[in-house]
Amino acid sequence: MVVYQTSTTSTFIPCGVFFTAGATGVNFNHNTIVMNTQLGAGANFSSFCVNASVAGVRFTTFYNNILVNNHSSTALWFFTAATLNISGGAVDNNNYYVPGGHVGYYNAANRTTLAAWQTATSKDANAENANPPFVSATDLHLNNAGATISNFDQQGSTSAGITTDYDGNTRPNLGTTIPDIGADEVAVITPPVISFTSISPSSNQCTATSRLVTVSVTTPAGTVSGATINYNNGAAGSVAMTNTVGTTWTGTIPAASPTNTIVTWSVTATNSLGGTATYTGTSYQDDPNVGITAVASARPTTVCSGAADTLSVIINKSGTGVIGSGSVNSSSSPTPFSGTYGGMKGQYIILASELTAAGYTAGNITAIGINFVSSVTATYTGLTIQIGNTALSAFPGTLSLESSGLATYYGPTNLVNPTAGVNTFTLSSSFYWDGTSNIIISTNWSKQYYYKYCCFSSYNHNCI
Ligand SMILES: [Ca+2]
Ligand SMILES: [Ca+2]
Ligand SMILES: [Ca+2]
């Protein structure tokens, strides 16, 4: 039974269920009663979800009911005119929620709290007073994802003996053995639980290697129906895991391709109730030396029998780095392809800290790229790039040019119609950066009669 009271304007005794005659053998189980918005109030206002107003009423069972009374003043879940109304019956697993009143009236006194009600009646040991997670204020089905659903799902007494719910659904739900509280039986999908056991090998490997993943899967309801590894080892894939023994499931992630792919993976498990759980594993990356060249050398000395000698290996990993954010672009200095007529010579100090932040370590610089905001249909005649180490971190004056330590690494070569984006200038020989020095890059060209601008930022500059 579902009772929903909402429209009374009475100032006296609105009730969900009202017993006025001495009914005996009453089985009152699996009901949902809500006394909703209070529309009237008077000096003697009181309201009840259930009112046994005569002494002769005898409840045999009073199980698994949801009683909600949102009225104020003397609002009660359960009124008993005489202790004999319920003292001989079985009363348990009810949910009483009444934010503005009393739990009940028993043995000639209001029982304000659930604990006081339980003490006075010696009933309702398994009762609760949670706010039911109804679908809405006017739809008293239970929301199976509601915050307090665990106070209702599978919390009823098995002694009520009601095998269908208000909707005709089987009670208790398939796959469970304990009924829900209230008129609605609701299937709550309890997900399985995944516990990570191991991944082998556990650390990054020098070559791309498959991984054996082992997890433990349990489920609080139903049975575990499967587990799957979902991975991306260069391509998205999945592999069904095998239930090797007990709760143990294993599966293998294939070796990565490309070999140094950062492999991401997770395990998804399902149970017979349709619940799913996901465990996200820690990613890994094999083959960290890909792209690195190594050069071995030996000290060229005579090695005596039994004596130690020294071998050394230098490894290099090629790559590119970006200096500056491109936030400055201009048709005049400090950009290296600015100006209107004649030519432009610009010098730029790049700090060792900027190179380091860009990912560089000591080694050869083989090319320089400069980012153009837009293309230029023109020729920059005799473009020359010089590079050198410097002890300076800033130029001493705005019109002074540095010359010591500079050598030519590009050009002179005409730069014809540079395109929008990064234009790369491959050096005629590698410039070795020692990993600690600041460097100067000097550019110049001449006889240009038309300009566009490029972006080149965060440098100290010096232009003429
Ligand atoms: Ca409970
Ligand atoms: Ca139902
Ligand atoms: Ca249920």
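Residues numbered from 1 in each chain as written. Chains lettered and ligands numbered in written order. Predicted model: local features only at pLDDT ≥ 70, side-chain atom pairs only at ≥ 80, totals over all residues.

### Concerning the overall build of the chain
Then, in step 1: In terms of regular secondary structure, the chain is built from three helices and 32 strands.
Then, in step 2: Across the 464 residues that make up the chain, the buried fraction comes to 32%.
Then, in step 3: Excluding contacts between residues fewer than 6 apart, the proportion of contacts in the chain whose partners are at least 24 apart in sequence is 72%. (Helix = DSSP H or I, 4+ residues; strand = E, 2+ residues; numbered from the N terminus. Buried ≥ 20, exposed ≤ 12 C-beta atoms within 10 Å, placed from the backbone. Contact = placed C-beta atoms within 7 Å.)

### Considering the pairing of strand E16 (residues 236-240)
Then, in step 1: In the sheet, strand E15 (residues 224-232) pairs with E16 via five bridges, with the strands oriented antiparallel. The partner of Thr228 across the bridge, within E16, is Ala240.
Then, in step 2: The turn linking E15 back onto E16 is made up of three residues, and Gly234 within it adopts a positive phi angle of 120°. (Pairing = 2+ DSSP bridges.)

### Re the sheet that holds strand E9 (residues 90-92)
Picture the strands of a sheet paired through backbone hydrogen bonds; they go either parallel or antiparallel.
Then, in step 1: Strand order in the open sheet made by the three strands is E3-E6-E9, with parallel pairing throughout. Sheet topology places strand E3 (26-27) and E9 at the edges, where each strand pairs with a single neighbour.
Then, in step 2: As judged from the three bridges shared by strand E6 (residues 59-63) and E9, these two strands associate in the parallel manner. Each residue of the ladder has a partner; that of Thr61, found in E9, is Ala90.

### Brief notes about the nonpolar core
Then, in step 1: Residues Ile33, Cys49, Val50, Leu67, Val68 and Tyr96 are the most contacted members of the largest nonpolar core, which totals 37 residues.
Then, in step 2: Counting residues per element, this core draws most heavily on strand E5 (residues 46-52), which supplies four residues.
Then, in step 3: Sequence-distant contacts of Val68, that is, excluding residues within four places in its chain, are made with Ile33, Val34, Met35, Tyr97 and Pro132.
Then, in step 4: Within the second largest apolar cluster, 18 residues are counted, among which are Trp249, Val263, Ala269 and Tyr284. (Core = buried A, V, L, I, M, F, W, Y, C linked by C-beta atoms within 7 Å.)

### Here's the deal with the environment of Met241
Then, in step 1: As for its placement among the helices and strands, Met241 is situated in the loop between E16 and strand E17 (242-245).
Then, in step 2: In this structure Met241 comes out as buried when scored by C-beta crowding, with 22 C-beta atoms within 10 Å.
Then, in step 3: Beyond its immediate stretch of four places on either side in the chain, Met241 contacts Ala227, Thr228, Ile229, Trp249, Thr250 and Gly251.

### Side note on the sheet that holds E17
Then, in step 1: The strand order across the open sheet built from four strands is E13-E14-E18-E17, with neighbouring strands paired in antiparallel fashion. Across the chains shown, the open sheet's two edge strands, defined by having one partner strand only, are strand E13 (193-200) and E17. Across the sheet, the axes of successive neighbouring strands diverge by a mean angle of 35°, strand direction being ignored.
Then, in step 2: Looking at chain direction, strand E14 (residues 211-218) and strand E18 (residues 248-253) are connected through six bridges and run antiparallel. When the bridges of E18 are listed, Ser216 appears paired with Thr248. (Axes fitted to C-alpha atoms, helices over the stretch in contact; angles between N-to-C directions.)

### Focus: helix H2 (residues 114-121)
Then, in step 1: Looking at H2, one finds that the buried residues are Leu114, Trp117 and Thr121. The buried residues of H2 all sit within an arc of 60° when viewed along its axis, so they share a single face. The outward face of H2, more than 90 degrees from its buried face, is lined by the exposed residues Ala115 and Thr119.
Then, in step 2: The secondary structure elements touched by the buried residues of H2 are helix H1 (84-87), E9, strand E10 (95-97), strand E11 (102-106) and strand E12 (109-111).
Then, in step 3: Within two residues after H2, Ser122 carries a phi angle of roughly 55°, on the positive side. (Arc of directions from axis to C-beta.)

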